[in-house]
Amino acid sequence: MKTRLSAAGATVLALLVTVLAFGQPAHAAAGFSVAGGKLYDANGAEFIMRGVNHAHTWYPQQTSSFADVKALGANTVRVVLSSGDRWTRNTNADVANVISLCKTNRLICVLEVHDTTGYGEQSGAITLDRAVDYWLSLADVLAGQERYVIVNIGNEPYGNQNYGSWATDNANAIKRLRAGGLTHTIMVDAPNWGQDWSFTMRDNAASVFAADPARNTVFSIHMYGVFDTAAEISDYLGRFRTAGLPIVVGEFGFNHSDGNPDEDAILAYSQANGIGWLGWSWSGNGGGVEYLDLATNFNPASLTDWGQRLFNGVNGIRQTAREATVFGGTPPPTTPPPTTPPPSGGCTATYTVTNQWQGGFQGEVRVTAGARAITGWTAGWTFANGQRVTQSWNVALTSSGTTVTARNTDYNGRLAAGASASFGFLGSWTGTNSLPAVSCTAS
């Protein structure tokens, strides 16, 4: 969440080395796991973060924030902690309470140490090795919480200077955590105040991932003024996808002192490509960046413009967040898979209710090409119980009475044989929300 130096003259390093892409875990794990560049929960279900950052270490009394962000639809909260080197140490008891609050509110906890911020440039910032000391001191609190907790070693661990040891230091930190008995998914932040304008994380992520004996590391990029165009956003995130390495946007805003990030592009690209994100931040910002508050004075009934955009806007939390299956919710019903192979050159579509509440629901339709590639598709269905679509994304959707017609957009119509594209929508219902049969026509 800091400014950057000019990227002019920065050497663009070699592309990421492609790593072996593992398939989806076949069995439930003790906790979160990584496979094929994706994050899976302990039940083996893909999990995509949709949440916010919360400055707990500076506002420890704001414990109601966990329930508040959950009520607004978030599935994850990234919690700011301190090792005691720059701010008051969050004790073992306090961290245990944070984890309990996350679990009570059915939120996944990403815990991060903030004292590393800007190391090498920021006075008083600590090393990643020192951050590992803190995590190991919390071993008794973290043990058994692998299903609910992800450990973010250190926030923005290098500034714009002296970041050359980023890969070595992170690799060593991961090895120490594993040797100390932590089996959680580990999250690693980029240097350059998190924004990686030097491409140090981008070009060394594969070696850091390989250094984890558990192969259970996720990379986190912070997107502020460095990422002010859709091209920069898609290029950076796309390189991780191509390499089969897991990436999340651990922080981002709608504006910043170093430039104007393209939040619409961040949200759209992430939604289209299954990438998690966590907006900065719930409330309590100071030092001239108060505009990054999502809620005014921690009041969920007083969202700022940024808060309205992140929670209620297109591709925002309400539209796209899905609760982790480890909290025991009954999976929503889905249409049964087709019993016969799809025709050559054709397509099939499946309709899923991904979330439901009184009077409203969120749905998803997945279109899959048949035995040959297609250049476009049209899906359609008729509601039987008065349901109505109120908002949609990643699709051109029209309704006429109870009949809904959904056509591909310009970026998701071309599908290779057997490939899929999905779109989502919000709807209203009364009485019964039965699943309609969905047709699909390819072009």
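On a predicted model such as this, the values are computed, not experimentally measured, just so you know.

Caption draft 1: Summary view of the pairing of strand β12 (residues 360–369). Within β12, eight of the 10 residues are buried, leaving the element largely enclosed by the surrounding structure. Bridge count between strand β11 (residues 347–357) and β12: 10 bridges; the pairing is antiparallel. If you follow Ala 349 over to β12, its bridge partner there is Val 367. Hairpin connection between β11 and β12: a loop of two residues separates the two successive antiparallel strands, and Gly 359 in this loop has a positive phi of roughly 85 degrees. As paired strands, β12 and strand β17 (residues 420–428) are joined by nine bridges and run antiparallel to one another. Opposite Phe 361, over in β17, you have Gly 427 as the bridge partner.

Caption draft 2: Representation of the nonpolar core. Counting 98 residues, the largest nonpolar core has Leu 111, Trp 135, Ile 153, Phe 219, Ile 221, Leu 237 and Trp 282 as its most contacted members. Counting residues in hydrophobic clusters, the runner-up holds 25 residues, among them Ile 374, Trp 377, Trp 381 and Leu 415.

Caption draft 3: View of the state of the cysteines. This model, assessed by the stated rule, comprises two disulfides. The disulfide that involves Cys 102 links it to Cys 109, with 2.0 Å between the sulfurs. With the S-S bond torsion at 65 degrees, the cross-link from Cys 102 to Cys 109 turns out right-handed. For Cys 347, the disulfide goes to Cys 440, at an S-S distance of 2.0 Å. Residues Cys 347 and Cys 440 are joined by a disulfide whose S-S torsion is about -105 degrees; by sign, that bridge is left-handed. A residue pair is termed long-range when its members are at least 10 positions apart, and Cys 347 in strand β11 and Cys 440 in strand β18 (residues 439–442) qualify at 93 residues. Here Cys 347 and Cys 440 have matching classes, each one buried. Shown here for the chain is a disulfide pattern of 1-2, 3-4, where each number marks a bonded cysteine counted in sequence order.

Caption draft 4: Spotlight on the packing of aromatic side chains. Enumeration over the complete set of coordinates arrives at 22 aromatic pairs. The interplanar angle of 85 degrees and the centroid separation of 6.0 Å between the aromatic rings of Trp 282 and Phe 311 together place this pair among those described as edge-to-face. Highlighted residues: Trp 282 in the loop between β10 (276–279) and α9 (305–312) and Phe 311 in helix α9, separated in sequence by 29 residues. Taking the relative accessible area as the measure of exposure, Phe 311 reaches 0% and is therefore buried. Ring-pair connections join several aromatic residues into one group, and the members of that group are Tyr 351, Phe 361, Trp 377, Trp 381, Phe 383, Phe 423 and Phe 425. The aromatic ring of Phe 199 is capped on one face by Arg 202, whose charged end is 4.0 Å from the ring centroid.

Caption draft 5: Inspection of empty space enclosed by the protein at higher detail. In the structure shown here, the tally under the stated rule is one cavity of 30 Å³ or more. Quantified by volume, the largest cavity comes out at close to 30 Å³. Surrounding the largest cavity, Phe 383, Gln 387, Arg 388, Val 389, Ser 399, Gly 401, Thr 402 and Val 404 form its lining. Of the residues in the lining of the largest cavity, the class split is three nonpolar, four polar and one charged.

Caption draft 6: The arrangement of the sheet that holds strand β3 (residues 50–54) in detail. One closed barrel holds the eight strands; their spatial order is β3-β4-β5-β6-β7-β8-β9-β10, and the pairing between them is parallel. Going from strand to strand, the sheet's axes swing by 25 degrees on average, the running direction of each strand aside. Both strand β6 (residues 149–152) and strand β7 (residues 186–189) contribute to a ladder of two bridges, which runs parallel. Of the residues in β7, the one forming a bridge with Asn 152 is Met 187. In this fold helix α5 (residues 166–179) packs onto β7 and β8 (217–223), with an angle of close to 160 degrees to the strand it touches most, β7. Running at roughly 145 degrees to β3, α9 makes contact with β3, β9 (247–252) and β10 of the sheet.

Rules of the game
- Residues numbered from 1 in each chain as written.
- Predicted model: local features only at pLDDT ≥ 70, side-chain atom pairs only at ≥ 80, totals over all residues.
- Heavy atoms only, no water.
- Buried < 20%, exposed > 50% of the residue type's maximum accessible area, 1.4 Å probe, protein only.
- Helix = DSSP H or I, 4+ residues; strand = E, 2+ residues; numbered from the N terminus.
- Pairing = 2+ DSSP bridges.
- Core = buried A, V, L, I, M, F, W, Y, C linked by side-chain atoms within 4.5 Å.
- Disulfide = S-S within 2.5 Å.
- Phe/Tyr/Trp six-rings, centres within 6.5 Å; stacked < 30°, edge-to-face > 60°.
- Lys NZ or Arg CZ within 6 Å of the ring centre and 35° of its normal.
- 1 Å grid on protein atoms, 1.4 Å probe; cavity = no way out; pocket = protein on both sides within 12 Å on 5 of 7 lines; lining within 4 Å.
- Points joined across faces, edges and corners; volume = space filled by probe spheres on them.
- Nonpolar A, V, L, I, M, F, W, Y, C, P; charged D, E, K, R; others polar.
- Axes fitted to C-alpha atoms, helices over the stretch in contact; angles between N-to-C directions.
- Contact = heavy atoms within 4.5 Å.

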